[in-house]
Amino acid sequence: MRKLAIGIAASGALALTGLVAPAASAADSPDLVFSAVTVNSGKAVVVGTAATVKVPVTYTLTRPSDLTVDYKTTFAGILLYRGTLSRMANEIDPEDAPTCTTTATTDTTVTESCKETLALDPENLYSASDATTWKAAGLYSKIDQDDDDSDGHISLAYNYDAWGPLGSGVQIKRAARLTVNASPEPVKKGATITVTGKLTRANWETGTYTGYTTQKATLQFRAKSATSYTTVKTVTSGTGGALKTTTKATKDGYYRYVFAGTTTTGSATAAGDYIDVR
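Everything in this summary refers to the structure shown in the same document. Along each chain, numbering runs from 1 in the same order as the chain's sequence is written. Restriction of local features to residues with pLDDT of at least 70 applies here, the model being predicted, together with a cutoff of 80 or more for giving and counting side-chain atom pairs; totals for whole chains, interfaces and linings are based on all residues. In computing side-chain values, all of the structure's heavy atoms are included and hydrogens and water are not.

Overview of the state of the cysteines
Each disulfide is one covalent bond, formed between the sulfur atoms of two cysteines. Disulfide: a pair of cysteine sulfur atoms within 2.5 Å of each other. The full count for this structure, using the stated rule, is one disulfide. Here Cys100 pairs with Cys114 through a disulfide, and the sulfurs are 2.1 Å apart. Judged by the torsion about the S-S bond (115°), the Cys100/Cys114 disulfide is right-handed. Placement of Cys100 in strand E6 (residues 99-105) and of Cys114 in strand E7 (residues 109-120) is noted, with a sequence separation of 14 residues between them. Burial here depends on accessible area, computed with a 1.4 Å probe over protein chains only, as a share of the maximum for the residue type. Under 20% is buried, over 50% is exposed, and the range in between is partly exposed. For Cys114, a relative accessible area of 1% translates into the label buried. Numbered from the N terminus, helices here are DSSP runs of H or I no shorter than four residues, and strands are runs of E no shorter than two.

Describing the sheet that holds strand E3 (residues 53-64)
In this description, strands pair whenever DSSP reports at least two bridges between them. One open sheet holds the four strands; their spatial order is E1-E3-E7-E6, and the pairing between them is antiparallel. With partners counted over all chains shown, the strands left at the sheet margins are strand E1 (33-39) and E6, one partner each. Adjacent strand axes in the sheet meet at a mean angle of 20°, parallel and antiparallel pairs treated alike. The pairing of E3 with E7 spans 12 bridges and is classified as antiparallel. Bridging across to E7, Val55 finds its partner in Leu118. Every axis corresponds to a line fitted to the C-alpha atoms, with the helix fit spanning only the stretch in contact, and the corresponding angles, defined between N-to-C directions, vary from 0 to 180 degrees.

Examining unusual backbone geometry
With an omega of 0°, the peptide bond between Ser183 and Pro184 qualifies as cis. Here the residue pair Glu185 and Pro186 is connected by a cis peptide bond, since its omega of -5° sits within 30 degrees of zero. Topologically, Pro186 is positioned in the loop between strand E10 (176-183) and strand E11 (192-203). One non-glycine residue, Asn40, adopts positive backbone phi at about 55°. Tracing the backbone through its elements, the reader meets Asn40 in the loop between E1 and strand E2 (45-47). Its identity as a non-glycine residue notwithstanding, Tyr71 has a phi of 60°, on the positive side. Here Tyr71 shows up in the loop between E3 and strand E4 (74-83). Taking the relative accessible area as the measure of exposure, Tyr71 reaches 14% and is therefore buried.

Now the structure itself:
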């Protein structure tokens, strides 16, 4: 879809000033109502260090029937932010036009069911503080731009309105990774094996995964002939996210660590490591 210059212009102004863009006067502000806002189907958004995460948003927009939103000089959509509406600590702005379908009309209003996708790039998450619940806001902006300098004059003027918070927002979490290694192998039946691993999570400031300490991870085992894992014990991660414990080898099968996640970090499951018991 076409990138929306109007959305980029509005967000650029915010980034330069550190403040919300100048809003239109109350008399000029359109009478828009954003409702039934749902972000990512109500589920948390888990973000790593490299891949951009596409976040679906659905909402209902009711606008005056004489107001045209053309996504060229006028734009309406949903943004995510943390902080307050008047001073956002960080924000995720829409770049592409939503898809809207008219569901009802009156003499004065048009109601539309809309879908949009927000692109959540890890580069736009600046610190661990961004791992929190973000709020949703309805956005309307209008731009008047004259780039023709043949008369020795150019201009850029825009109006910006935002309504929020809307809906329940969305939790943005840091992605986690888990590894596992069971040794020695092969191993004699009844002997002790050591199961090590490492729990790490995304560090958005450095663009790397770093150790996640003092966290509970579950050691699980699946026999070679079984289809599901059973819990063996719970292990707490140490320095650098290290995991280590021992258990008795009873039969051929797979060991893995499972991390349930926290309010700031997503869940993770290590791929099973096979042990040959003889």
